[in-house]
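# Commentary on secondary and tertiary structure
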Amino acid sequence: MSWSRGGHGALLLAGLAFASAAQATEASLAVAIVPEFRWSNSSSVFDQPLLGRSVGQDRGRADLELQWRSNGVNLVATGRASVREGERAQYSGIVNELYWDGRAFGQHLTVGRKIMSWDVGFGFRPLDVLQRDDRRVLFASTYEGVAVIAWERFNESSAWTLAYANPGAGKGAGPRDDESLAARYYHHIENVDLYVIGRVSERLGLEAGVAAAVVAKDSLELHGSFRYQRRLDRTLIRDADEQAVLPGDAPFMLVTGHDRLTALAGATWTHANGLSVLGEWWYDPAGYSASEWRNLLALVRGREELPQRTGAPPEAIGAALAAGTRYLEQPNLLRQNLLLRISHQRETFQRSFDVLWTPEDGGIVATLSLAYGWNRQHISTGLRVFGGASDAAYRALPEDTVLFCAWRISR
Amino acid sequence: MFSRALRLVPASAVAIACLLMPWLAHGAEVKDLLAVADEYRLANESMLVHTKVELFRHGELQRERLYTVYTRPGRRSLVLFRSPSEKGQKVLMLEDEFWIILPTSQRPIRITPLQKLIGDAATGDIATMTWSDDYDGVVAREETVAGIPCVVLDLAARRKGVTYRRILLTLRKDDSRPVQADLYVASDKLAKQAQFRLERRGGEWVVAAMVLKDLIQTGRETVITYESREPKTLPAEYYNPMFLVRNDVVE
């Protein structure tokens, strides 16, 4: 929740927090400085005029994160200064979490904005039906929670959660902003963590899923999850013949699919010397297929011919194509994804290398990172490269290399 | 022939029992010794222990970490990380099963026993406060340490989730106060040597600190100081993995 998005509930909780300030209180501060250096992809069809923004700009941000808690009231807030190469700095404030956890009438309740992660995966989380964050950002800062009123019940080996998310919001800007009712049941049986979830919202209808995590051996953990959703809206490219209807219509069309399945399976293997290997496969029906990406790339490549072919004004075509580039922001560009991550930790020094491979089109995202921590300080650096086969979606991104550094100090 | 065999059964049982008696007596003795030794670390079954962990390299302090540990009967522990750089992390140990929660993502992650060992200090070193629940063993020998008569117990893990598969534990012969321990990991490699520092608190001897000398990464030493202990029983739901995401008041 940014300052500009209002939030009377936040003010109410802030009032509660200050009212209880006389009680036992914990507070901490952290400062993070994260410069990013980006290189543009000269062979990409998604160029600056199409995207409406500069490509390959270096950027950076400085975050001041406050954590404060008192008597069940919990606050995580971030003040952020962001800057892009050649532009003026921008300042923003984010309330990552502001909620009250406590008991009332003998029940466990949560009211406020809270991170609600429900899945067992690492690279992708099908059962995160409320949170829905991109899990593969270069430098993870605290996520932004979801506005909820939640009831929970616990016994020795099981737990129930019932959450009413984004009360009164109706159909929001995206699925995570939608008003919805969600439930989770957790059961620990033998050696297995079992999760069953359900969610109902106007946009997606019913979603239902199961997940499990099990420690099969001292060194081996297995996990998997599976989600059904009644509706899925996707923006697809019209066939070449249909594109001739321009102007008056965009080359894209919204297609509502039904009864879609999302799945993830993975394993973690660890050695006593600190070596750890994570392997995951997932299928996300919200991503494009290889042929859909080829259509999009062909459409963008041939955009200069479209005005002659269709008679549409170039501005209208440019705007329509630019709207289509929002697909570059999706967590999963392709439906099928394979992730392999190898990491090694010794004391507080960690190095890791991971590769995301999209088998449908041969795309690759490779990331190398190093991290080291002291008492209060933590530094990390990483390099991410996008590439793969010549017509792969990741190969066509407007930027092909990102180098980041991060320094964080906590008090 | 069958009836002759039956007649031999009682005699055989007596003979086997005679053979086992010293071992059984020894096992019972070791169990008693461990129970007494445990009381120097954990006087009550449900406790709140504030712990400081200092990591030294070649005698120089590298890092300091603070933890709050809740224990409960049935080998259940909840570890809350208190240092500024780790604040918000929690580890839950239920017998041989482990979960961790990181503040950035707020979800309980199931971890393997080996993942528990990775990091600054093995979580088991911090959260595990008893030997009698986790180990069986025999009296290996008697010896004198710094002029004090001691007994050395050779302990083998009864469960797969413990941090050390084998411990050679040295206790004072007169009152079973722990003196030192050789700690072996799964590969039967001697990984660490522990020295116990005891002091009188409230008229009772307690283990005030444990000094762990790393024999694999030489020059490293970890000092675990038990700053305070008090009887405390958390409600049962705190030991449910899903409760880790809650930040209710009790802590």
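Looking now at the overall build of chain A. Secondary structure summary: chain A contains six helices and 18 strands in total. Buried positions account for 47% of the 411 residues belonging to chain A. For chain A, the share of sequence-separated contacts (at least 6 apart) that also reach a separation of at least 24 residues comes to 56%. When the accessible surface of chain A is split by element, carbon and sulfur atoms take 59% of a total near 18800 Å².

As a further point, take the overall build of chain B. The helix and strand inventory of chain B stands at three helices and 13 strands. The buried share among the 251 residues of chain B stands at 51%. Considering only intrachain contacts with a sequence separation of at least 6, the fraction spanning at least 24 residues in chain B is 45%. When the accessible surface of chain B is summed, it comes to about 11300 Å², and 55% of that surface belongs to carbon and sulfur atoms.

We now examine the pairing of strand β8 (residues 180-189) of chain A. All names here are of chain A. Residues Ser180, Ala182, Arg184, Tyr186 and His188 line the buried face of β8, whereas the alternating positions Leu181, Ala183, Tyr185, His187 and Ile189 sit on a face that is not buried. Relative to strand β9 (residues 192-201), β8 is paired through ten bridges, and the arrangement is antiparallel. Its bridge partner being in β9, His187 is matched across the sheet by Leu194. The antiparallel hairpin formed by β8 and β9 contains two residues in its connecting segment, where Glu190 sits at a positive phi of about 55 degrees.

We now examine the nonpolar core. Trp131(B), Leu153(B), Leu155(B), Ile167(B), Leu169(B) and Phe196(B) are the most contacted members of the largest nonpolar core, which totals 43 residues. Once residues lying within four places of it in the same chain are set aside, the contact partners of Trp131(B) are Leu34(B), Ala37(B), Asp38(B), Arg41(B), Ile167(B), Leu169(B), Pro178(B) and Phe196(B). Ranked by size, the runner-up nonpolar core spans 34 residues in total, among them Ala159(A), Ala163(A), Leu78(B) and Leu244(B).

As a further point, take the environment of Gln131(A). Residues and elements named next belong to chain A. By the element assignment, Gln131 lies in the loop between β5 (107-114) and β6 (146-154). With a relative accessible area of 0%, Gln131 lands in the buried category. Discounting chain neighbours no more than four positions away, the residues touching Gln131 are Lys114, Ile115, Met116, Ser117, Tyr143, Glu144, Gly145, Val146 and Arg176. A polar contact of 2.8 Å, which involves the side chain of Gln131, links it to the backbone nitrogen of Met116. Within the local environment of Gln131, its side chain forms a polar contact with the backbone oxygen of Glu144, the two atoms lying 2.5 Å apart.

This paragraph deals with the side chain of Ser343(A). Residue and element names in this part refer to chain A. Position of Ser343 relative to the elements: it lies in strand β14 (residues 336-346). At 3.4 Å, the side chain of Ser343 forms a polar contact with the side chain of Arg341. With sequence-adjacent residues up to four places away left out, Ser343 is seen in contact with Gly274, Leu275, Ser276, Gln350, Arg351 and Ser352.

This brings us to unusual backbone geometry. Positive phi values are uncommon outside glycine, yet Asn71(A) reaches one of about 50 degrees. Mapping Asn71(A) onto the fold places it in the loop between β2 (59-70) and β3 (73-84). The exposure class assigned to Asn71(A) is partly exposed, which follows from its relative accessible area of 27%. Residues other than glycine seldom take positive phi values, yet His58(B) does so here, at roughly 50 degrees. By the secondary structure assignment, His58(B) is in the loop between β1 (47-57) and β2 (60-72). On the basis of relative accessibility, which here comes to 64%, the residue His58(B) falls in the exposed class.

Before going further, it helps to examine helix α4 (residues 290-301) of chain A. Taking 1.5 Å of rise per residue, twelve residues should cover 16 Å, and α4(A) covers 16 Å from first to last C-alpha, within 8% of that figure. For α4(A), the complete set of buried residues consists of Ala290(A), Glu292(A), Trp293(A), Leu296(A), Leu297(A), Leu299(A) and Val300(A).

What follows deals with the interface of chain B and chain A. Contacts between chain B and chain A engage 42 residues on the former and 67 residues on the latter. Both faces combined, the contact of chain B with chain A buries some 4300 Å², and carbon together with sulfur accounts for 47% of it. In this assembly, chain B and chain A are joined by seven salt bridges. A salt bridge links Asp193(A) to Arg110(B); the nearest nitrogen and oxygen atoms lie 3.7 Å apart. Where chain B meets chain A, there are 26 residue pairs in polar contact (both at pLDDT 80 or more). Looking at the side of chain B that touches chain A, the elements that each hand over two or more residues are β2, β5 (97-101), β6 (109-111) and α2 (113-117) of chain B.

What follows deals with the packing of aromatic side chains. Going through the model one piece at a time under the given rule, you end up with eleven aromatic pairs over all chains. With a centroid separation of 5.6 Å and 90 degrees between ring planes, the pair formed by Trp131(B) and Phe196(B) is classed as edge-to-face. In this pair, Trp131(B) sits in the loop between α3 (123-127) and β7 (135-145) while Phe196(B) sits in strand β11 (residues 190-201), placing the two residues 65 residues apart along the sequence. Given a relative accessible area of 5%, Trp131(B) falls into the buried group. Under the relative-accessibility criterion, Phe196(B) is labelled buried at 10%. When the ring of Tyr238(B) is compared with that of Phe243(B), the centres are 4.5 Å apart and the planes differ by 45 degrees; the resulting orientation is tilted. For the pair shown, Tyr238(B) and Phe243(B) are each scored as buried. Members of the aromatic cluster, joined through ring pairs, are Phe154(A), Tyr238(B) and Phe243(B).

All names here are of chain B. Among the seven residues in strand β10 (residues 178-184), six count as buried, and that is most of the element. By the bridge criterion, six bridges tie strand β9 (residues 166-172) to β10 in an arrangement that is antiparallel. Residue pairing for β10: Ile167 is matched across the bridge by Leu183. If you look at the hairpin formed by β9 and β10, you'll find five residues sitting between the two strands, and Ser176 has a positive phi there, around 65 degrees. Here β10 pairs with β11 via five bridges, running antiparallel. Paired with Gln180 across the bridge in β11 is Gln195. Hairpin connection, β10 to β11: the antiparallel pair is bridged by five residues, and Asp188 has positive phi, about 65 degrees.

Attention now moves to the confidence of the model for chain A. Predicted coordinates in regions of low pLDDT should not be interpreted in detail. Residue and element names in this part refer to chain A. Per-residue confidence for chain A averages 86 on the pLDDT scale, and 90% of its residues sit at or above 70. Below a pLDDT of 50 lies the segment residues 1-22, which in the model reaches 34 contacts outside its immediate sequence neighbourhood of four places, other chains included. When the criterion is pLDDT under 50, residues 244-249 qualifies, and its contacts beyond four places in sequence or with other chains add up to ten contacts.

Close approach of charged atoms lets side chains of opposite charge pair. Residue and element names in this part refer to chain A. The tally for this structure, following the rule as stated, stands at 39 salt bridges over all chains. Here Asp178 and Arg203 are joined by a salt bridge, their closest N and O atoms 2.7 Å apart. Here Arg203 lies in the loop between β9 and β10 (205-217) and Asp178 lies in the loop between β7 (158-165) and β8, a separation of 25 residues in the sequence. The same class applies to Asp178 as to Arg203, namely buried. A salt bridge links Glu360 to Arg335, with the nearest nitrogen and oxygen atoms 3.0 Å apart. With Glu360 in the loop between β15 (349-358) and β16 (363-373) and Arg335 in the loop between α6 (314-324) and β14, this residue pair connects regions lying 25 residues apart in the sequence. Judged by relative accessible area, which is 25%, Glu360 ranks as partly exposed.

Definitions and cut-offs
- Residues numbered from 1 in each chain as written.
- Chains lettered and ligands numbered in written order.
- Predicted model: local features only at pLDDT ≥ 70, side-chain atom pairs only at ≥ 80, totals over all residues.
- Heavy atoms only, no water.
- Helix = DSSP H or I, 4+ residues; strand = E, 2+ residues; numbered from the N terminus.
- Buried < 20%, exposed > 50% of the residue type's maximum accessible area, 1.4 Å probe, protein only.
- Contact = heavy atoms within 4.5 Å.
- Areas by Shrake-Rupley, 256 points an atom, 1.4 Å probe, with all protein chains shown as cover.
- Pairing = 2+ DSSP bridges.
- Core = buried A, V, L, I, M, F, W, Y, C linked by side-chain atoms within 4.5 Å.
- Polar contact = N/O pair within 3.5 Å; in protein donor to acceptor, adjacent residues only side chain to side chain.
- Expected span 1.5 Å × (residues − 1).
- Buried area = accessible area lost by both parts, 1.4 Å probe.
- Salt bridge = Lys/Arg side-chain N within 4 Å of Asp/Glu carboxyl O.
- Phe/Tyr/Trp six-rings, centres within 6.5 Å; stacked < 30°, edge-to-face > 60°.
- pLDDT = per-residue confidence, 0-100.

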